[in-house]
Amino acid sequence: MDCSMVLLIFLLGLLVYCVFDGLLTIVLIAKLPGKPFVGSRFQLTPRFLLNLSFAIDALKVVERGYRRFADTAFQIIRNDEHLIVLPLSVLEELSIIPASVASPNNALEHDLLGRYTGLNLILESRAHHFIVQRRLTPRLGVLAPRLAQEIECACDENLTTSREWVEFQPYQVLSKVSARLAAQAIVPRDLASNPKWLELSVEYTENLFKTVVLARLFPSWTHRFVCYLLPSYWKGQGYMRTAKQLLGPRIRELLQANDAGIWKPESGEDDANILNWLVDMAKGRDRDADTIAHVEVLVALAAVHTTLLRMVNVLYDVTQAGPTLIDELRAEIQSVDRHTETWDKSAYEKLHKLDSVLCESQRLSPPTTLGMKRIFREDYTFENGLHIPKGAYVAMPIHAIENDPKHTNDPTAFDGLRKYRLMKERQAEDSDADTSQFRFSTPTRTSLNFGYGRHACPGRHFASLALKMLFVKLLSEYDFSFLPGSEKPQNLMAHEFLFTNPWDSMLIKKRTLDQTLTGALKQEILVVS
């Protein structure tokens, strides 16, 4: 058989597949009557082309749908069948639907190909969610001194001491800082500085997302085969084995002591970490060293990736905003510094302008363009009559909602003090008003990056504290600039996910302490130094 015949057979096969895939698109659209189809003007468009379009430009696909159908549900077709995009009007009801009916964990496992990446474990264990919410968050005040010291050490080891401009790669440097901060909350102190743990907590996440992004380009039925062909898949598996080998002996030792009644985590700083709490609370099948180690890696995935993404983008945003905003933030830090004896958790909560900058940065560069994701385990009809069939995957267009001009004035502009001014206006109207809605860690009806209601991200308070601590350090002790002739680096989009380019560079130089600090913070830095 000559080459021309092989080519002809291939082209005919491709044509047949395209027609069949296009017919499947029509069938899928018809399954959801009343929900407009978004993604192509032609309903016969093959699913793999619709999926490719979403993978390349999900932000625009979703925003086009939102502009046309903001008040109703619409559907997008991908390789995994439907994505039903819900209107903001059902937010309150969606947030209180029990997980047994509409599961956020099933949706996360679906997004990140859980059966191939190890995320399917979250379907079996919810202990980590409870622990972060009920054990970690109330003890952030206890952890704060340790986090501050770790930031000092990590920055001093990885950032320049030169008073002249030096080129560096923010992602590469801040990934080390993010991993070290997360480790302080996730594992015991002697393991928190272990090079293997710090490496795998970053590299597992990177390889997981490489696997997910590439595998999701292909039809769902091929994922098993595609994953096995990807080096990132095998690297991720290797990092998971390393984690179990590294943490396993400690976990087994603690389990034995806990079972014997001779050990329980104490309330002090030394025992305040997720590993200890998991050992103490795990029951049934979860009470296993490999399972607990696996959960630890998944907690690191959530903590390191999202915090790192925000670190890099806030740095880019304040640098682009220029000296006026930076001076405002430094003045606020100085003001708090002059009126506090020690930089504890309550001191960082007074940094309202920095809170506002964090909110604004996340508005423009969220980790994902879709949120409030659920997979419905049974048929459900909302109070407004919107019907969702069993097995349906739904989400809300959170980036489009927050950047709707109805909700945010001049949404394309970065205005670092936007939330701060709104807070001041609210206080002027009512001096006793609750201003928590203006904090970075507080979800609102139109700011849904952390979710909303009972299933909101439990780690958002830790992330907020860690980010504020880091930027007090960075703004107080360093100057930053983009490379000559360059502008703010652009983020990368793949499917609904946002990533920063790990190889982008900018400039940094050390400032003198006397330029900014006078009180408690200066003394703490001098002591650590």
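What you see is a predicted model, and the numbers here were worked out from it, not measured in a lab.

A tally of helices and strands in the chain yields 21 helices and 13 strands. Its C-alpha atoms give the chain a radius of gyration of 24 Å, near enough to 24 Å, the size a compact globule of 529 residues would have. Across its three principal axes, the chain shows a C-alpha extent of roughly 75 × 60 × 55 Å. Taking all 529 residues of the chain together, 57% fall into the buried category. A sequence separation of at least 24 residues applies to 75% of the contacts in the chain between residues at least 6 apart. Put simply, the chain has 60 plus and 62 minus side-chain charges, and the middle of one group is 3 Å from the middle of the other.

Attention now moves to helix H17 (residues 352–364). If you check H17, its first and last C-alpha atoms are 19 Å apart, about what 13 residues at 1.5 Å a residue would give, namely 18 Å. Burial runs high along H17: 11 of the 13 residues are buried. The set of residues buried in H17 consists of Lys353, Leu354, Asp355, Ser356, Val357, Leu358, Cys359, Glu360, Ser361, Gln362 and Arg363. At its buried positions, H17 is contacted by helix H14 (289–321), helix H15 (323–338), helix H18 (398–402), helix H19 (418–429) and helix H20 (460–477).

Further remarks concern empty space enclosed by the protein. Scanning all chains against the criterion turns up four cavities of 30 Å³ or more. Lining the second largest cavity are Cys359, Gln362, Arg363, Glu402, Arg439, Phe440, Thr442, Pro443, Ser447, Asn449 and Phe450. Among the elements that make up the lining of the second largest cavity, the one with the highest residue count is H17 (three residues). Partitioning the lining of the second largest cavity into residue classes produces four nonpolar, four polar and three charged.

If you trace the backbone, Ala182 turns up in helix H8 (residues 170–186). Judged by its relative accessible area of 3%, Ala182 is buried. For the pair Ala182 and Ala463, spaced 281 residues apart in sequence, the C-alpha to C-alpha distance is 9.0 Å. If near-sequence neighbours (up to four positions away) are discounted, Ala182 is found in contact with Ala303, Val304 and Phe462.

The grouping of Met5, Leu8, Leu12, Leu15, Val19, Leu23, Ile26 and Leu44 at the surface amounts to a nonpolar patch, some 700 Å² of accessible area in total. The residue Val19 is located in helix H1 (residues 3–30) in this model. Accessibility expressed as a relative area gives 43% for Val19, which makes it partly exposed.

When the pLDDT values of the chain are averaged, the result is 91; 95% of them are 70 or greater. A low-confidence stretch, residues 525–529 (pLDDT under 50), is modelled with six contacts involving residues beyond four sequence positions or located in other chains.

Turning our eyes to something else, we now look at the pattern of salt bridges. A full pass over the atoms with the stated rule returns 28 salt bridges. For the salt bridge of Asp479 with Arg330, the shortest nitrogen-to-oxygen distance reads 2.9 Å. Of this pair, Asp479 sits in strand E10 (residues 478–481) while Arg330 sits in helix H15, and the two are 149 residues apart along the sequence. Looking at Arg330, the relative accessible area reads 12%, which means it is buried. The closest approach of N and O atoms between Arg363 and Glu360, which form a salt bridge, is 2.8 Å. Here the residue Arg363 and the residue Glu360 both occupy positions in helix H17, the gap between them amounting to three residues, near one helical turn. Just as Arg363 is buried, Glu360 falls in that class too. Residues joined by salt bridges that share partners form a network here, namely Arg78, Asp111, Arg216, Lys373 and Glu496.

Our focus in this paragraph is the packing of helix H6 (residues 127–136) against helix H13 (residues 274–281). For any two helices packed against each other, one specifies the inter-axial angle together with the distance between the axes. Two elements in contact, H6 and H13, have axes whose closest approach is 10 Å; the angle formed by their N-to-C orientations is 115 degrees. The hand of the H6/H13 crossing is right-handed. On H13, the residues that touch Ala127, His128, Phe130, Ile131, Val132, Arg135 and Leu136 of H6 are Ile274, Trp277, Leu278, Asp280 and Met281. Partitioned by chemical class, the residues of the contact of H6 with H13 number nine nonpolar, one polar and two charged.

Let us now look at the sheet that holds strand E5 (residues 166–168). In space, the three strands of this open sheet follow the order E5-E13-E10, with antiparallel pairing throughout. Lying at the two open borders of the sheet, with one neighbouring strand each, are E5 and E10. For this sheet, the mean angle separating the axes of adjacent strands, direction not counted, is 35 degrees. Bridge analysis of E10 against strand E13 (residues 506–510) gives four bridges, and the strand direction is antiparallel. Of the residues in E13, the one forming a bridge with Phe480 is Ile508. Docked against the sheet, H20 engages E10 and E13, running at close to 85 degrees with respect to E10.

In this section: the pairing of E13. The element E13 is largely enclosed, with a buried count of four among its five residues. Of the strand pairs in this sheet, E5 and E13 are connected by three bridges, and their pairing is antiparallel. Across the sheet, the residue bridging to Val166 is Ile508, located in E13.

Calculation criteria
Residues numbered from 1 in each chain as written. Predicted model: local features only at pLDDT ≥ 70, side-chain atom pairs only at ≥ 80, totals over all residues. Heavy atoms only, no water. Helix = DSSP H or I, 4+ residues; strand = E, 2+ residues; numbered from the N terminus. Rg over C-alpha atoms; globule rule 2.2 N^0.38 Å. Buried < 20%, exposed > 50% of the residue type's maximum accessible area, 1.4 Å probe, protein only. Contact = heavy atoms within 4.5 Å. Lys, Arg positive; Asp, Glu negative; His and termini not counted. Charge placed at Lys NZ, Arg CZ, Asp CG, Glu CD. Expected span 1.5 Å × (residues − 1). 1 Å grid on protein atoms, 1.4 Å probe; cavity = no way out; pocket = protein on both sides within 12 Å on 5 of 7 lines; lining within 4 Å. Points joined across faces, edges and corners; volume = space filled by probe spheres on them. Nonpolar A, V, L, I, M, F, W, Y, C, P; charged D, E, K, R; others polar. Patch = residues over 30% accessible without salt bridge, like charges linked within 9 Å, V, L, I, M, F, W, Y side chains within 5 Å. Areas by Shrake-Rupley, 256 points an atom, 1.4 Å probe, with all protein chains shown as cover. Salt bridge = Lys/Arg side-chain N within 4 Å of Asp/Glu carboxyl O. pLDDT = per-residue confidence, 0-100. Axes fitted to C-alpha atoms, helices over the stretch in contact; angles between N-to-C directions. Left-handed = near helix turned anticlockwise from the far one by under 90°. Pairing = 2+ DSSP bridges.

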